[in-house]
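# Secondary and tertiary structure notes
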Amino acid sequence: MVKENQIFLDHCSTTPINTDVSSEMERTSAAYFANSSSTHALGQLAVARFNKAIAKIGQLMGGYSKREVVITSGATESNNTIIKGAYFSGMCQSFITTKVEHPSILEPLKFIEKFGAKVVYAKTDMFGKICVESLARLLEDHPKSLVTLCYGNSELGSLFDYPKLSKCTQKYSALLHLDISQSLGKTQLPFLGSGEVDFLSFSGHKIYGPKNVGAFVGKCNLLKQLTPLIHGGGQQMGIRAGTFGLPLVVGLECALEFVTENLTSHVRHYQKLSGKLQSLLIASDLRGLHFNSDVEFGLAHILNFSLKGADATSILYQFPHIFLSSSSACMGHKDGGESVLNGLGSPATISKGSFRVGLGVSSTANQLELFVNRLKEVSQNLQPEAASI
C-alpha cells in the first residue's frame, strides 16, 4: 500500500487493487474453495461462479459470449497464446507489427521466426503510431497475415488511427490482434462491440484488479483453431488448460466492471491532471524540457517528457518518496532492451533523459506540484549537459 507521504505516479506499470475488488475476492475465496473440475456439488458451485464471471467479462468487452473469453495469467500469456497459437496451428504464416510494441508481442514473434514464420515491421511516426500506408504495402505482399499491435503505447501513450487501420486489414483479409492493456479503462475504445478485431488481450493489474490474471477474447471459430500454449486437463475448451484461481477471475470481473462504469469520470480526471502537469512543467522553466507524448491525441493518463542532456535514472534515484519510471516496467528485465524512444531513433539526449508519468484515479494536482518542484530542485544539480544543447 502507498503510504501517506509517498506519491505513486507509475500507474502505467500497475495499479493498486480496488478495495471493492479485493473484498469480493476474499468472499469468493471463502465461499468457493472447491476445484471447479470436480463433479460434486461444491465443485459445480465453483464452476457456476466461474461461468458467471466470464459471461460478465464477455459482456463488458463488447458482447462476447462466455465461450469467447479465455482466462490467462495476464496479457503476456494471452499475447503468446495468440501469436504462437496462430502460427503453429497454420492459421497464419506471416505476421506484421512495429518495432516499438511491447516485449510480450515482439519476443513471441522473434521466437516463431526461428520455426519459419515471416515477421515484417511497419513504419511508425514520431510518436510510435503505425503508418497505415506502410501497413498497406506490407499487406499487399503478405495478405492474410496476423497484424498484432498494442492499442495504446505503454511508454508514450500513443493511439493510432483505428478506423483507418481497420479498413486496411479488412481490405487484405488480415487478422487483427490488439493488446489493450494500457488503454482499457483509460479511453473510449472504438472497436468494442464492432466484431472487427479478431483478438483482444488485457491484464487485470492495469485496471485496479489483481496481478497474475488476464484474458483474451475472440471469435469462437478462431479461438478453437489456436494451438494451445499450455496442455493439460482440457479446461476452457482446451485452449488454456489448468485449474483457474476463481478469486482472481472474480477480481478481474469486478475490476473490469469498475473501470467500465466509471470510464467517463476517470477520463475527465486524467485529462484535467494531464493538462495541469503540462502547465506545471512549462511554467517550471526546466532546462531542455521536451514532450515525447502526443499530448493532443494520446492516452491522457500517460505523459512522457524529457529533460535534454539529463540522466533520468540518476534523477529518479533522488526521489525516495516519489515513484515513476523512465520506460516500460517490462523493459527493466531485458539486458540491452531498447526503450520506445530508442526504437524511434530519438537522440540519446532525449531517450536517456525521459520520464514517464502514469496518472491514476487517486492522483491529485497537489502530488503533481510536489513532483515538479522536486524535479526542478534535483535536475538543477544533476543536469550538467543541458547547457551545451
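Analysis parameters
- Residues numbered from 1 in each chain as written.
- Predicted model: local features only at pLDDT ≥ 70, side-chain atom pairs only at ≥ 80, totals over all residues.
- Heavy atoms only, no water.
- Helix = DSSP H or I, 4+ residues; strand = E, 2+ residues; numbered from the N terminus.
- Buried < 20%, exposed > 50% of the residue type's maximum accessible area, 1.4 Å probe, protein only.
- Contact = heavy atoms within 4.5 Å.
- Lys, Arg positive; Asp, Glu negative; His and termini not counted.
- Charge placed at Lys NZ, Arg CZ, Asp CG, Glu CD.
- Phe/Tyr/Trp six-rings, centres within 6.5 Å; stacked < 30°, edge-to-face > 60°.
- Lys NZ or Arg CZ within 6 Å of the ring centre and 35° of its normal.
- Expected span 1.5 Å × (residues − 1).
- Arc of directions from axis to C-beta.
- Polar contact = N/O pair within 3.5 Å; in protein donor to acceptor, adjacent residues only side chain to side chain.
- Right-handed = clockwise from strand over helix to strand, strands pointing away.
- Pairing = 2+ DSSP bridges.
- 1 Å grid on protein atoms, 1.4 Å probe; cavity = no way out; pocket = protein on both sides within 12 Å on 5 of 7 lines; lining within 4 Å.
- Points joined across faces, edges and corners; volume = space filled by probe spheres on them.
- Nonpolar A, V, L, I, M, F, W, Y, C, P; charged D, E, K, R; others polar.
- Axes fitted to C-alpha atoms, helices over the stretch in contact; angles between N-to-C directions.
- Salt bridge = Lys/Arg side-chain N within 4 Å of Asp/Glu carboxyl O.

### Details of the overall build of the protein
The secondary structure content of the protein amounts to 13 helices and 12 strands. The principal-axis extent of the C-alpha atoms belonging to the protein is close to 70 × 55 × 35 Å. Counting the 389 residues in the protein, one finds 55% classified as buried. Across the protein, every contact between residues at least 6 apart in sequence was considered, and the portion connecting residues at least 24 apart equals 74%. Between the averaged position of the 35 positive side-chain charges in the protein and that of its 31 negative side-chain charges there is a distance of 3 Å.

### Some points on the packing of aromatic side chains
Enumeration over the complete set of coordinates arrives at 11 aromatic pairs. Note on Phe88 and Phe115: the rings are 5.4 Å apart at their centroids and 80° apart in plane angle, and the pair reads as edge-to-face. Linking Phe88 in helix 3 (residues 75-88) with Phe115 in the loop between helix 4 (103-113) and strand 4 (118-121), this pair joins segments that are 27 residues apart in sequence. Given a relative accessible area of 39%, Phe88 falls into the partly exposed group. Considering the side-chain rings of Phe111 and Phe115, the 5.1 Å spacing of their centres and the 50° angle between planes classify their relative orientation as tilted. Exposure remark for Phe111: the relative accessible area of 32% places this residue in the partly exposed category. Aromatic ring contacts, followed pair by pair, group Tyr87, Phe88, Phe95, Phe111 and Phe115 into a single cluster. Above the face of the Phe111 ring, Lys84 is positioned so that its terminal group lies 4.6 Å from the ring centre.

### A word on helix 1 (residues 19-31)
For helix 1, built from 13 residues, the straight-helix expectation of 18 Å at 1.5 Å per residue is met to within 8% by its first-to-last C-alpha distance of 18 Å. Buried within helix 1 we find Val21, Glu24, Met25 and Thr28. For helix 1, the arc enclosing every buried residue in end-on projection is 105°, short of the 170-degree limit, so these residues lie on one face. Turned more than 90 degrees from where helix 1 packs its buried face, Thr19, Glu26 and Ala30 sit exposed. Contacts from the buried residues of helix 1 go to helix 2 (41-60) and helix 8 (246-261). The N-cap of helix 1, judged by a side-chain oxygen 2.9 Å from the amide nitrogen of Asp20 a few residues on, is Asn18.

### Describing the pairing of strand 6 (residues 175-179)
Of all 5 residues in strand 6, 5 are buried; the element is thus mostly enclosed. By the alternation rule, side chains of strand 6 split into Leu175, His177 and Asp179 and Leu176 and Leu178, which are all buried. Taken together, strand 5 (residues 146-150), helix 6 (residues 162-171) and strand 6 form a β-α-β motif whose crossover is right-handed. Taken together, the 3 bridges between strand 6 and strand 7 (residues 199-203) define a ladder with parallel strand orientation. Each residue of the ladder has a partner; that of Leu178, found in strand 7, is Leu200.

### Concerning empty space enclosed by the protein
Using the criterion set out here, one finds 2 cavities of 30 Å³ or more in the structure. Computed from the structure, the largest cavity encloses a volume of approximately 70 Å³. If you go around the largest cavity, the residues you meet are Thr98, Glu101, Gly128, Lys129, Ile130, Cys150, Asn153, Ser158, Leu159 and Phe160. Taken together, the residues of the lining of the largest cavity break down into 4 nonpolar, 4 polar and 2 charged. Roughly 40 Å³ of internal volume is contained in the second largest cavity. Around the second largest cavity, the lining residues are Met61, Tyr64, Phe191, Leu192, Gly193, Ser194, Gly195, Glu196, Val197 and Leu200. Among the residues making up the lining of the second largest cavity, the classes are represented as 6 nonpolar, 3 polar and 1 charged.

### Description of the pairing of strand 10 (residues 302-307)
Burial within strand 10 is extensive, with 6 of its 6 residues counted as buried. Relative to strand 10, strand 9 (residues 289-291) is paired through 3 bridges, and the arrangement is antiparallel. Bridging from a neighbouring strand, Leu289 pairs with Leu307 of strand 10. Of the strand pairs in this sheet, strand 10 and strand 12 (residues 354-358) are connected by 5 bridges, and their pairing is antiparallel.

### Digging into the sheet that holds strand 5
The 7 strands are arranged 2-8-7-6-5-3-4 in an open sheet whose pairing can be described as mixed. Edge positions in the sheet fall to strand 2 (69-72) and strand 4, since each has one partner strand and no second. Averaged over all neighbouring strand pairs, the angle between strand axes comes to 20°, with direction disregarded. Where strand 3 (residues 94-97) lies against strand 5, 2 bridges are found, and the strand directions are parallel. Within strand 5, the position partnered with Phe95 by the bridge is Leu146. Against the sheet, helix 4 touches strand 3, strand 4, strand 5 and strand 6, its axis set at about 150° to strand 3.

### Points about the pattern of salt bridges
The final tally for this structure, using the stated rule, is 11 salt bridges. Glu369 is the salt-bridge partner of Lys276, the closest N and O atoms lying 3.5 Å from each other. Placement of the pair is Lys276 in helix 9 (residues 263-283) and Glu369 in helix 13 (residues 365-379), with a sequence separation of 93 residues. A salt bridge links Arg374 to Glu377; its shortest N-O distance comes to 2.8 Å. Note that Arg374 and Glu377 are positioned in helix 13 at a spacing of 3 residues, about one turn of the helix. For Glu377, a relative accessible area of 45% translates into the label partly exposed.

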